[in-house]
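# Structural overview for review
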Amino acid sequence: MNSRVRLSGLALVVALASALPAGAGIERTRHNLTAAGSGRFRGGPQANLCTFCHTPHNAKATRALWNHELPAQTYTLYESSTLEAQLQQPTGSSRLCLSCHDGTIALGALVEHPEPSLGPLTGPAVLGTDLSDDHPISFVYDRVLASHRQGLADPSTLVGAVKIDETGQMQCTSCHDPHSDRYPNFLVTDVEYSRLCVTCHELQFWQDSAHATSSAMTKGAAPLPGWGFLKVAENGCASCHRTHNAEHPVRLLRSTTEEGVCLGCHSTGAASGLVAEKDIGAEFLKPSTHPIAAYTDVHDPAENPLAMPVHVECVDCHNPHQTRRRSVTGILAGPLTGVSGVDITGGVRPQASFEYEVCLKCHAVAQSPSPVVFRVDDITNVRLKIDPANPSFHPIAAAGKNPLIHGLLPGMTAASIIMCTSCHNNNAAPGGGTLVPRGPHGSIYAPILQREYRLEGTSSPESFDLYALCYNCHDRTVLFQSPSYPTPPLDSGGVHIKHVQEQGASCAVCHDAHGSRSNLHLINFMTSDRSGNQVVTASSAGPIKYQSPGVGSGSGSCTLTCHFSDHNPKGYGTAALSAGRKSAVLQNSAPTSAVPRPGGHAGH
């Protein structure tokens, strides 16, 4: 009698399993733990297909006629600053799954018909008791959660293969069907093109992003990590994320470091570079870089740019879920799409509209920890320097104030707007071809300059190469053009000749390339250079000062001491005639190794 009941009960369980849409064919899966199974774990010859999970009698008082011993573990749950769901210890079907997949209970620890020969599960399918590196489970997924957590689908739309359970919770069975391996790893649907993930994760602009649409193929025969497709778009989310046992638990990243995720594809090194033809990784080996390897676990998607700790990661400048190959707006570069920023007023922008807003997210801090040089107005907050309200600035946030500017190369005018990357860029970018990475990842010229720009306060013979960065926009011939030189009073061209060509002073001694809060012509004298050399000091006539009648006057005067020459004051143009001591015009300055002095900067 008992045997008949048992057979009838087992038949019922089999019938229940068979009634499930995905139930058919479980005997061909790794969940077949009978002697006929194809997996590594197999019971004795008497083992029944269903009894490893279900029993018609004496089942655990949980659900699904459960036949396996249940864990009494307290699990470590997933945590992140962007987690809105209220996680709890595993419930429902997830607790049943963990009775095998936490690896603490033997597979054969069954209530009915135990299989002593089967020990605990081992191998990559074991999740352990630390679930902080696994996709969250056992949380209520309702409209309240979807309204708080940007990018989550309305749960009422989950009517297909991906479902929440009868209590409204996301469980293991939302993604996995333990009765069918029609799709890899018992998933409930196809994973190609992130089809499974985007059922719940409706990330804004993801579908049009470079990663979602890329036709790039992995190099060689090796598949991409995760789902194992060869094409980036097909592999989708799995190229960066792991839903279980993630190397970087927070945000379930596929590498222990944030940059490791990106460089796994975006470099060409032997140990990485699965896809990209451009070697971004090599850029970070140059002398001047954005030091992404210097910070770990500092960046946070929820961070406030105005209060965040100093750091830099790839995702500070690139949003991998929205990045594009080409600009969407025609203003902001495609790879910067969807990145937060700080505008010129200091306000936080959830999504930057201009390139400089991305840069200001870090470079608008109160004071940089490592200024390049020290100046009279010794601020390093770039936002304050390029502010269009200043007397002079390089035209990044607005066109320059000097409509009479001359000496710009063809293609540039007084109305031109330049970008941060016009100066800060890969040194190999100019003429480097399409396979050379663009952008301020690294350069042989500090601080990540596209061309050479000498920043020392000591003397050095002028050459095109030494100030190639300036000459990229400013016509070198015009800058050093002076019809009357060396006849006094010197004009602005004569001042440049006198200081830059004759005495070997750097442009940077007088000009602050970002802007000046006090003076026209980007004048903000360097007081010491990056090597610690003292450059400009006060004169016998008082503190360091520059005066000019106005833009386009071609005239000005300086009060300072530079390399042992006392300018108290000394002028150029018409200002030289009223500078107090006409005998001290520039051409009579005592010859020194370098006597830098402001000239009528050809621009701004």
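Preceding this paragraph is the structure being described.
Residues numbered from 1 in each chain as written. Predicted model: local features only at pLDDT ≥ 70, side-chain atom pairs only at ≥ 80, totals over all residues. Heavy atoms only, no water.

### Section: the environment of isoleucine 26
What counts here: Numbering goes from the N terminus for both helices and strands, where a helix is a DSSP run of H or I of at least four residues and a strand is a run of E of at least two. Only protein chains enter the area calculation, which uses a 1.4 Å probe; residues under 20% of their type maximum are buried, those over 50% are exposed, and those in between are partly exposed. It only takes one pair of heavy atoms within 4.5 Å for two residues to be counted as in contact.
Position of isoleucine 26 among the secondary structure elements: in the loop between α1 (2-19) and α2 (92-101). What makes isoleucine 26 buried here is its relative accessible area of 14%. Residues isoleucine 26 and leucine 49, 23 residues apart in the sequence, show an inter-C-alpha distance of 8.5 Å. Not counting chain neighbours up to four residues away, the residues in contact with isoleucine 26 comprise His31, Asn32, Leu49, Pro178 and His179.

### Observations concerning the side chain of serine 94
As a reminder, the rule being used: For this analysis, a polar contact is any N or O atom pair within 3.5 Å, provided that within protein one partner can donate a hydrogen and the other can accept it, and provided that sequence-adjacent residues contribute only side-chain to side-chain pairs.
Here serine 94 lies in helix α2. Take serine 94: its relative accessible area is 0%, and that puts it in the buried class. Within polar-contact distance, the side chain of serine 94 engages the backbone nitrogen of cysteine 172 at 3.0 Å. Among all residues touching serine 94, those that are not within four sequence positions of it are Ile137, Ser138, Gln171 and Cys172.

### Concerning the packing of aromatic side chains
Let me state the cut-off plainly: Pairing of aromatic rings covers Phe, Tyr and the six-membered ring of Trp, with a centre-to-centre limit of 6.5 Å; geometry is then stacked below 30 degrees between planes, edge-to-face above 60, and tilted otherwise.
Taken as a whole and judged by the stated rule, the model has 3 aromatic pairs. Here phenylalanine 139 and tyrosine 141 contribute two aromatic rings whose centre-to-centre distance is 6.4 Å and whose plane-to-plane angle is 35°, an arrangement assigned as tilted. Considered together, phenylalanine 139 and tyrosine 141 belong to a single accessibility category, that of buried residues.

### Looking at the pairing of strand β14 (residues 565-572)
Put simply, the test is: DSSP bridges decide pairing: two strands pair if at least two such bridges lie between them.
With respect to burial, β14 is a largely interior element, 7 of its 8 residues being buried. Of the strand pairs in this sheet, strand β13 (residues 556-562) and β14 are connected by 6 bridges, and their pairing is antiparallel. Of the residues in β14, the one forming a bridge with serine 557 is glycine 571.

### Some thoughts on the nonpolar core
Convention followed: Put simply, a nonpolar core is a bunch of buried Ala, Val, Leu, Ile, Met, Phe, Trp, Tyr and Cys residues held in one set by side-chain atoms that sit within 4.5 Å of each other.
Of all hydrophobic cores here, the largest spans 29 residues; its most connected members are Tyr453, Tyr467, Phe525 and Val536. Looking at which element gives the most residues to this core, the answer is helix α15 (residues 507-510), with 4 residues. If you look at the next biggest cluster of nonpolar residues, it comprises 15 residues, including Phe139, Met170, Val191 and Leu196.

### Things to note about a positive patch on the surface
Just so we agree on the cut-off: Each patch is built from salt-bridge-free residues with over 30% relative accessible area, joining like charges within 9 Å and nonpolar side chains (Val, Leu, Ile, Met, Phe, Trp, Tyr) within 5 Å. Methods summary: accessible areas were calculated by the Shrake-Rupley approach with a probe of 1.4 Å, and residue burial reflects only the protein chains presented. By definition here, a salt bridge exists when the distance from a side-chain nitrogen of Lys or Arg to a carboxyl oxygen of Asp or Glu is within 4 Å. Counted charges follow a simple rule, with Lys and Arg positive, Asp and Glu negative, and His plus the chain ends left uncounted. A charged residue contributes its charge at one atom only: NZ of Lys, CZ of Arg, CG of Asp or CD of Glu.
Residues Lys278, Arg325, Arg326 and Arg438 make up a contiguous surface patch of positive charge. Classification of arginine 438 as partly exposed rests on a relative accessible area of 44%.

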